[in-house]
Amino acid sequence: MSVFRLPILSRLILSSAPTLRRTVHHSLPLPPVPPFTTVVPNSATFLKLIGRGASVHASKLESWESLFKSTSAQLKEAGVEPARLRRYIIWQRERYRVAGGKVEVKEVKRGVKKDGGERRRKMIRAVRGTEEYREKKRQEEKEAGVAPEM
């Protein structure tokens, strides 16, 4: 068998095998609900501390158990919108659960795009460089007393 055919064959065999990763998630028992602490005595305080406007939904997650046992679909039915906020609440909740309540609960600010984001970065930097070059030329011409070219 050729050396070049082996990766193709192995990919075919592996891709045809059934994947059971996501099908098991629903059958697993829920992790235990962590105890509340003096810093975080209830779900309303938890939502207030994680920020990003999550405290608006405190009435929908009244008990500590409902906060830690709700799935994303249940949060959506309760009216926790947008999806970004739901994911953020779930992320903070699991972070708190894994640490057993021994983690500092605080707001994590959203990242800011630099130079138009990853896809547009090259173009934005090129345009900015061109504009800076033109501005520099205008300043030099202004200082030399030459009329700018259009």
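Conventions and cut-offs
- Residues numbered from 1 in each chain as written.
- Predicted model: local features only at pLDDT ≥ 70, side-chain atom pairs only at ≥ 80, totals over all residues.
- Heavy atoms only, no water.
- Core = buried A, V, L, I, M, F, W, Y, C linked by side-chain atoms within 4.5 Å.
- Buried < 20%, exposed > 50% of the residue type's maximum accessible area, 1.4 Å probe, protein only.
- Helix = DSSP H or I, 4+ residues; strand = E, 2+ residues; numbered from the N terminus.
- Contact = heavy atoms within 4.5 Å.
- Axes fitted to C-alpha atoms, helices over the stretch in contact; angles between N-to-C directions.
- Parallel < 35°, antiparallel > 145°, perpendicular 65-115°, else oblique.
- Left-handed = near helix turned anticlockwise from the far one by under 90°.
- Nonpolar A, V, L, I, M, F, W, Y, C, P; charged D, E, K, R; others polar.
- Phe/Tyr/Trp six-rings, centres within 6.5 Å; stacked < 30°, edge-to-face > 60°.

A short note on the nonpolar core
Ranked by size, the top nonpolar core spans 17 residues in total, and within it Phe 46, Leu 47, Ile 50, Trp 64, Leu 67, Ile 89 and Tyr 96 carry the most contacts. By residue number, the principal contributor to this core is helix 5 (residues 83–99), which donates four residues. Setting aside anything within four residues of it in sequence, one finds Phe 46 in contact with Val 40, Trp 64, Leu 67, Gln 92, Arg 93, Tyr 96 and Val 105.

Digging into the packing of helix 2 (residues 43–50) against helix 5
Relative orientation of the contacting elements helix 2 and helix 5 amounts to 110°, with a least axis distance of 11 Å. Overall, the two elements helix 2 and helix 5 adopt an arrangement that is roughly perpendicular. Taken as a pair, helix 2 and helix 5 cross one another with a handedness that is right-handed. Facing helix 2, whose interface residues are Phe 46, Leu 47 and Ile 50, helix 5 presents Tyr 88, Ile 89, Gln 92, Arg 93 and Tyr 96. Residue composition of the contact of helix 2 with helix 5, grouped by class: six nonpolar, one polar and one charged.

Here's the deal with unusual backbone geometry
In the segment running from Glu 81 into Pro 82, the intervening peptide bond is cis, with an omega of 0°. Positionally, Pro 82 belongs in the loop between helix 4 (72–78) and helix 5. Backbone geometry at Arg 52 places phi at a positive 60°, although glycine is not the residue there. For Arg 52, the location among the structural elements is in the loop between helix 2 and helix 3 (64–69). Notably, Asp 115 is not glycine yet its phi reads approximately 60°, a positive angle. Structurally, Asp 115 can be placed in the loop between helix 5 and helix 6 (121–144).

Digging into the packing of aromatic side chains
Under the defined criterion, the tally for this structure stands at eight aromatic pairs. Taken together, a centroid distance of 6.1 Å and an interplanar angle of 80° make the contact between Phe 36 and Trp 64 edge-to-face. Of this pair, Phe 36 sits in the loop between helix 1 (5–16) and helix 2 while Trp 64 sits in helix 3, and the two are 28 residues apart along the sequence. On the accessibility criterion, Trp 64 (6% relative accessible area) is buried. A centroid spacing of 6.3 Å and a plane angle of 85° characterise the contact between Phe 46 and Trp 64, whose relative ring orientation is edge-to-face. On the criterion of sequence distance, the pair formed by Phe 46 in helix 2 and Trp 64 in helix 3 is long-range, its members being 18 residues apart. The same class applies to Phe 46 as to Trp 64, namely buried. In textbook terms, an aromatic cluster arises when at least three aromatic residues are bridged by ring pairs, as seen for Phe 36, Phe 46, Trp 64, Phe 68 and Tyr 96.

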